[in-house]
Every structure is written in C-alpha cells, then in structure tokens.
Amino acid sequence: MSQAIEDRGDFFIMHNIVKEYQMGEEVATILKGVNLTINEGEYVSVLGPSGSGKSTLMNIIGCLDQPTSGEYILRNQWVDELDEKELSHIRSKEIGFIFQNSQMLPLLDAQKNVELPLIYAGVRPKERRERAAEMLEHVGLGDRRHHRPNQLSGGQQQRVAIARALVTNPTLLLADEPTGALDQKMGRQIMELFQELSDGGHTIVMITHDLNIAKHAKRVVHIIDGELTEHEGGELEA
Amino acid sequence: MKKLFSSLSGRFYMLVESVRMSVSNICQNRMRSFLTILGIMIGVTAVIALVTTVSGVSSSISDSFTSMGAGTMTLSVSGTELKSGLTDEDMKSITALEHVLGVSPTVSASLTVSADGVSESGTSVSGRNAFYFSYNTDVVERGRSLNELDMTSSNRVCVISSDMVETFFYGVDPIGKTLYLNNQSFTVVGVLKDDADSSVTSLVAGSSDILVPYTTALKMNSATMVINLTVYTDDIDSSSAVESELEAFLDPLFNYEDDTYSINSMESIGDTMTEMLGMMSMLLGGIASIALVVGGIGIMNMMLTSVTERTVEIGLKKAIGAEPGQIQLQFLIESFLLSMVGGLAGVLLGVILSALLCSVMGTAFSLSYGAIALGVGFSAAVGIVFGWSPARKASKLSPIDALRRM
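Here the structure is a predicted model, which is why all the values come from computation and not from measurement.

Points about the overall build of chain A
On a plain count of helices and strands, chain A comes out with eight helices and ten strands. Of all 238 residues assigned to chain A, the portion counted as buried reaches 53%. For chain A, the proportion of contacts with a sequence separation of at least 24, taken over those separated by at least 6, is 68%. When the accessible surface of chain A is split by element, carbon and sulfur atoms take 44% of a total near 10,800 Å².

See below:
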C-alpha cells in the first residue's frame, strides 16, 4: 500500500469512463469516455453547467456509483467491480465527502456528527472523541463542539461537514458545490479553508458550476456534455 | 487475532452508538413511538392477562378437586349376569391390596321417612360401613357414629342430618328417638355435622340426609351385593398404582368382560379439568396474540414511514462509509426497542390486570413465568420480524437516490 502512495502515477486514475442510463426506451450516455488523472496533493476543480454530467462524475469518483465501462483506480485499488459492502469500505477509508447542504444529522451535536464516520469505521470511543475534537478545533469550531445543527450558522455547519470529511484522514476530499448554500462572505471563508487544507497536503476535488469558485483551484477541469477538457487555473482569469 | 479483536470491538462500539441513535430517534417522534408501543403493549397485556388468569382459575379448580377427594377413588360396578356386585369377601380382598387403607360402600335408597305424624318421601338414605365413620371422624356432631356391631347385626340405627332434626324433631333432642324409614322403626343415635359429608361419595352420589349401616340398607333394598364403593388410598400419588391393582383384581372377578365396572379418582377428574382449561388458555392466548400481530403491523408501518422520512440521513450515512448491514442494524434496533418497551410494559400491565381479575374472581393469583417469557419473547420476535423488511429497504437504498433529495 505504501508503495502505491509513493507511486504517484497510480494515485488516482480514470480511464475511458463511460456511464449510461436507461431512460425508458433510450439509452442516455452521461459520461462519454472520461480520462482523468490526479496526483496526490493536487487541488482540482471540475467545472460544468447543470446537466453536463458533473454530478454523475462526482458519484463515480466518490464510489457512490459505478461506471458502465472503463477503469477507475484509487490508491492502487480497482474500484469498478466492487460490491456494495466493499464500496462502503472505500468510502469509509478513502473518501471524505462535503455536500452542498452540510447535511448534519439534526439530532446529534457537532462533536457526534464529526464522530459518525469513525463510528462506522469501528474506532474506539476515546480515540474517536479526541480525533473529532481535534478536527473541530482545526476548522475553528473548538468552542462549538456541543452545539446542535440548529444552533449553528450555515458556514459553521459547512465547517462541521468539512471536519467530518477530514476526520477519517481520507485519501481524497470530495466537495460538491461546497459554497452553494452560503453567502459570499462565508463562501470566501470556506474557500480560504480549502486553500489551507490544500497547502497542508490534502488532495481535493471540487465540483462546481461557478467559475469564480472553480478558479480557486490550481487546476480546473471543464466538463461539458459528458466530456472533459483541461485548463490551468490561470487561463480562466479573464 | 489482534485484528479480529479490534474488528469485533469496533463492531461493539458501533452497536452501542446505534442503540444510542435509535433511542434518540424514538424519543424524537414521541407521539408516534408512543402509539406504536401502545399497540404492542395492548397485545402483550391481553396475552399475559388471559393466560395468567386462566391458569390461576385452573390451578384453584384442580386444588379444590384434589383437596375434596385427596386419596380417594370411587368404584362403580355394573357387573355381569352372574355377579351383579361386590360381596363382603370382595371388599375384604380390596382392603388387603397394597396402598389401600380401607373401603366404604355406599348403598343408596330413596325412602319415605316419617315420625310423629310428619312424613317426607324421596329422602336420600345411604348405607355406610364402620370404616367410613372411623376414617371421617368429624362427620358426626352429636351422639355416636355407626360401629362394627351395627354392621354385623344389621341394626336399625341411623345418623341424621340437622335438616332432618329440624323437620322431625324441632326443639327436642333427637338422640334415642324413633324414626320410620318405609315404616320400619330406626333409632336415631347421632346427628351429622352440616356439610360434613363433602367426600367424593357425596359428590358422586349426592349428599344423604340419613346414614344407616350398609348391611341394613342392603336388606331394605332386598340386595346382597354392593355396587358403589369408595376406596381410600394411603397417598394421593398411589391412586394410579391402586387403580391397576383394582383392575387386576376385578377383571377375573367379572370374567374379563367389558364395561362391568368403572374406577374414578378425583385426581383424574381434576386432571381432565386442568387439561381443558389449559386448552382454553391456549385458545384465548391465540386470540389475544392477534392483537400482537396487529401491533407488529403498527411497528412495520412506523418503520416504513421512518425509512422514507430519513432517506437523506441514510444516504449521508452511506456516503460517509456505513455498510448496508450497519444501516439495517440501526433500523432493526429501533423496531426491536419499540416492541421490547411495549412488551415489557405489557407484561407489567398484564400481571397487574390478572392479579386484579383473580382477586375479583376470588381465585389464587400465581405469576406464570411461562406467560411472561411468552410475552417478552413474542414481542421481541414481533420487533425483529416486522422490522426486518423496512430495515432491509433502508439498507438497499441507493446513496445517490438518497442524496439527490438534499
């Protein structure tokens, strides 16, 4: 396994990924042979309008869905052809999800929400509490650990979600419109946090339809009509 | 090995958290949970109350049967054409059997009784032997009982009930007075205690107002043989042994013909009663368990609603790494907890209710552990069986579909 981390070429590879859906009589092809390689520590945004297939791509990257054909290797593991249980293990160990709406569980406080992935991973209670507390401290919510979601602002909830995504120490941080539900100021704070995480060595893939958000990443990948085109972050300045 | 242990302990921590989350989910939907629990509770209460009450009634019935006829059995002889009953010799042989204390014949007659111009027809007169009086020492309240000499010489003496005293000797001492049975004069030697004749014989033959020596009664009936006999055994438990001894003795006596005699013990009658009541309690329990099934359907309904409502939660948990099995477990724990709370409350209420019912009916209340185990076990099973399919449905939800609703 450690061999695979060193071998940067094998870190994240998608080769000729095709995703088709049966729409009544017709077959709709959502992804038309996507090729994408991401290196460890990269900060990539996937930019595309709605209906471009970016959500489908995110689901496949996040191991929530599987491609119709093509190869997907995450940290030297072949992700296609895994069953439901194995996929849930990949999601538990390798992926940290951040959704548009932070989606905290309403009955649990911030601390317990962050502990949740560790609970499913079977981490001991003491270690679990420490790691969750540490992570909440890290995103600047050390003093709000025992607040319920309804006692937190949208930005704070999104920070809880980021802490929850980071707490398992995942290979890949996967964000779907992370600022979509936030105002500009809060959105900017979240983008600053992402930059910090990237600087700290985390690998981030961010899905967005917003060019202004996308260009925070060093590398921007365009997805239009199920096909990818690459840009450098700088090229999109205009 | 270490890895196995850490994976097991990890599952344990996960289980603990699942229970915790289930409890907070149940508490969140207070009204709905309460109603669902109520459904199970009513079912379990009904089962427990019915089963416990019926078993209380049945044990008190069989108790009273046993106390009434403890250690006695009755023998009725119809006999054959050659031999229509039992002789004194036969009775001696039966008395000599192992575990037999003694025998007492009952020779019944319905006679016209008169004294001092008062007459009453159809009075039940019963012939008994000396053993009857020596065994049931408290039958005679005043005067003397009938003894061996009365038997051998067929004395015309009698012991009468207090009803008879009131009818024929109101206000005077009856001892030594003369009473006419079918116009034959008898001397009253004793008075029976009220309700003293509560033996098996009286239960089978009806209580008698006048007791006379059986030999005298036989003569008045123009009979020589005894057809009803009470056999007293030395122990309640030996009745079956005595029964087979009696069969061994009587079969050759009556030429091995069928239906020449019948043996009844109170135990066997009591057993039959208990058996019938047991079947009745099964039947009632069965009917009451329909309520439990309805309660189970209530749980299923609530869980299905819950799964639909919590689609997003399920999707999110799956996205952050919950296995399908872990999701299923979470929902199963919830339905299990709901039905167990209902079940335990039902057991408590059922026990209270049946204690009340028993005290109203005046029967002894006894806690039936079987019924409690049945109630708890049944509700646990209901929780798992009816929670299974909703939990399965939750675990099968596709995380993408679930998250699309966000």
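Now that the structure has been shown, we can carry on.
Let's talk about the pairing of strand 8 (residues 204–208) of chain A
Residue and element names in this part refer to chain A. With five of five residues buried, strand 8 is to be regarded as a mostly interior element. Across the two faces of strand 8 the burial is the same, with Ile-204, Met-206 and Thr-208 and Val-205 and Ile-207 all buried. In terms of strand pairing, strand 7 (residues 172–176) meets strand 8 through four bridges, oriented parallel. Note that in strand 8 the partner of Leu-174 across the bridge is Val-205.

Some remarks on the confidence of the model for chain B
Residue and element names in this part refer to chain B. Confidence along chain B averages 85 in pLDDT terms, with 93% of residues attaining 70 or more. Confidence drops under pLDDT 50 across residues 200–205; counting only partners more than four residues distant or on other chains, this segment forms 14 contacts. Reported confidence for the predicted complex is 0.85 by ipTM and 0.69 by pTM.

Overview of the packing of aromatic side chains
This structure, assessed with the given rule, holds nine aromatic pairs over all chains. Measuring from ring centre to ring centre gives 5.4 Å for Phe-97 of chain A and Phe-99 of chain A, while their planes differ by 5 degrees; the resulting arrangement is stacked. Its relative accessible area of 3% is what places Phe-99 of chain A among the buried residues. A centroid spacing of 6.3 Å and a plane angle of 35 degrees characterise the contact between Phe-254 of chain B and Tyr-261 of chain B, whose relative ring orientation is tilted. Here Phe-254 of chain B falls in the buried class, since its relative accessible area comes to 1%. Under the relative-accessibility criterion, Tyr-261 of chain B is labelled buried at 18%. Linked through ring pairs, Phe-131, Tyr-135 and Tyr-232 of chain B together constitute an aromatic cluster. Sitting above the plane of the Tyr-21 of chain A ring, Lys-19 of chain A keeps its charged end 5.2 Å from the centroid. The ring centre of Tyr-132 of chain B lies 4.5 Å from the NZ or CZ of Arg-128 of chain B, which sits over that ring.

Description of the interface of chain A and chain B
Each side of the interface is counted separately: chain A has 28 residues, and chain B has 27 residues. In total, chain A and chain B occlude about 2,600 Å² of area from one another, counting both sides; carbon and sulfur atoms represent 67% of this. Along the contact surface separating chain A from chain B lie three salt bridges. For Glu-84 of chain A, the salt bridge is made with Lys-318 of chain B, and the minimal N-O distance between the two is 3.8 Å.

Let's talk about the layout of surface pockets
By volume, the largest pocket amounts to about 650 Å³. Around the largest pocket, the lining comprises 23 residues; the ones closest to its centre are Lys-93, Tyr-120, Ala-121, Gly-122 and Val-123 of chain A. For the lining of the largest pocket, the secondary-structure elements that each account for two or more residues are helix 3 (84–94), helix 4 (110–121) and helix 5 (125–138) of chain A together with helix 1 (2–28) of chain B. A volume near 500 Å³ is recorded for the second largest pocket. Taken together, 22 residues form the lining of the second largest pocket, with Ser-55, Asn-59 and Asp-176 of chain A together with Leu-403 and Arg-404 of chain B sitting closest to its centre. Considering every element that reaches the lining of the second largest pocket, the biggest residue donor is helix 2 (residues 54–61) of chain A, with five residues. When the residues that make up the lining of the second largest pocket are grouped by side-chain class, the tally is eight nonpolar, eight polar and six charged.

Quick look at a nonpolar patch on the surface
On the surface, Leu-348, Ile-352, Leu-353, Leu-356, Leu-357, Val-360 and Met-361 of chain B cluster together to form a nonpolar patch covering roughly 680 Å² of accessible area. As for its placement among the helices and strands, Leu-353 of chain B is situated in helix 12 (residues 324–361).

What to know about empty space enclosed by the protein
Taken as a whole and judged by the stated rule, the model has one cavity of 30 Å³ or more. As a volume, the largest cavity reaches approximately 50 Å³. Lining the largest cavity are Arg-91, Ser-92, Ile-95, Gly-96, Phe-97, Pro-117, Arg-164, Ala-165 and Thr-168 of chain A together with Ala-319 and Ile-320 of chain B. Breaking the lining of the largest cavity down by element, the ones donating at least two residues are helix 3, strand 6 (95–98) and helix 6 (154–166) of chain A.

Scoring rules and cut-offs
Residues numbered from 1 in each chain as written. Chains lettered and ligands numbered in written order. Predicted model: local features only at pLDDT ≥ 70, side-chain atom pairs only at ≥ 80, totals over all residues. Heavy atoms only, no water. Helix = DSSP H or I, 4+ residues; strand = E, 2+ residues; numbered from the N terminus. Buried < 20%, exposed > 50% of the residue type's maximum accessible area, 1.4 Å probe, protein only. Contact = heavy atoms within 4.5 Å. Areas by Shrake-Rupley, 256 points an atom, 1.4 Å probe, with all protein chains shown as cover. Pairing = 2+ DSSP bridges. pLDDT = per-residue confidence, 0-100. Phe/Tyr/Trp six-rings, centres within 6.5 Å; stacked < 30°, edge-to-face > 60°. Lys NZ or Arg CZ within 6 Å of the ring centre and 35° of its normal. Buried area = accessible area lost by both parts, 1.4 Å probe. Salt bridge = Lys/Arg side-chain N within 4 Å of Asp/Glu carboxyl O. 1 Å grid on protein atoms, 1.4 Å probe; cavity = no way out; pocket = protein on both sides within 12 Å on 5 of 7 lines; lining within 4 Å. Points joined across faces, edges and corners; volume = space filled by probe spheres on them. Nonpolar A, V, L, I, M, F, W, Y, C, P; charged D, E, K, R; others polar. Patch = residues over 30% accessible without salt bridge, like charges linked within 9 Å, V, L, I, M, F, W, Y side chains within 5 Å.

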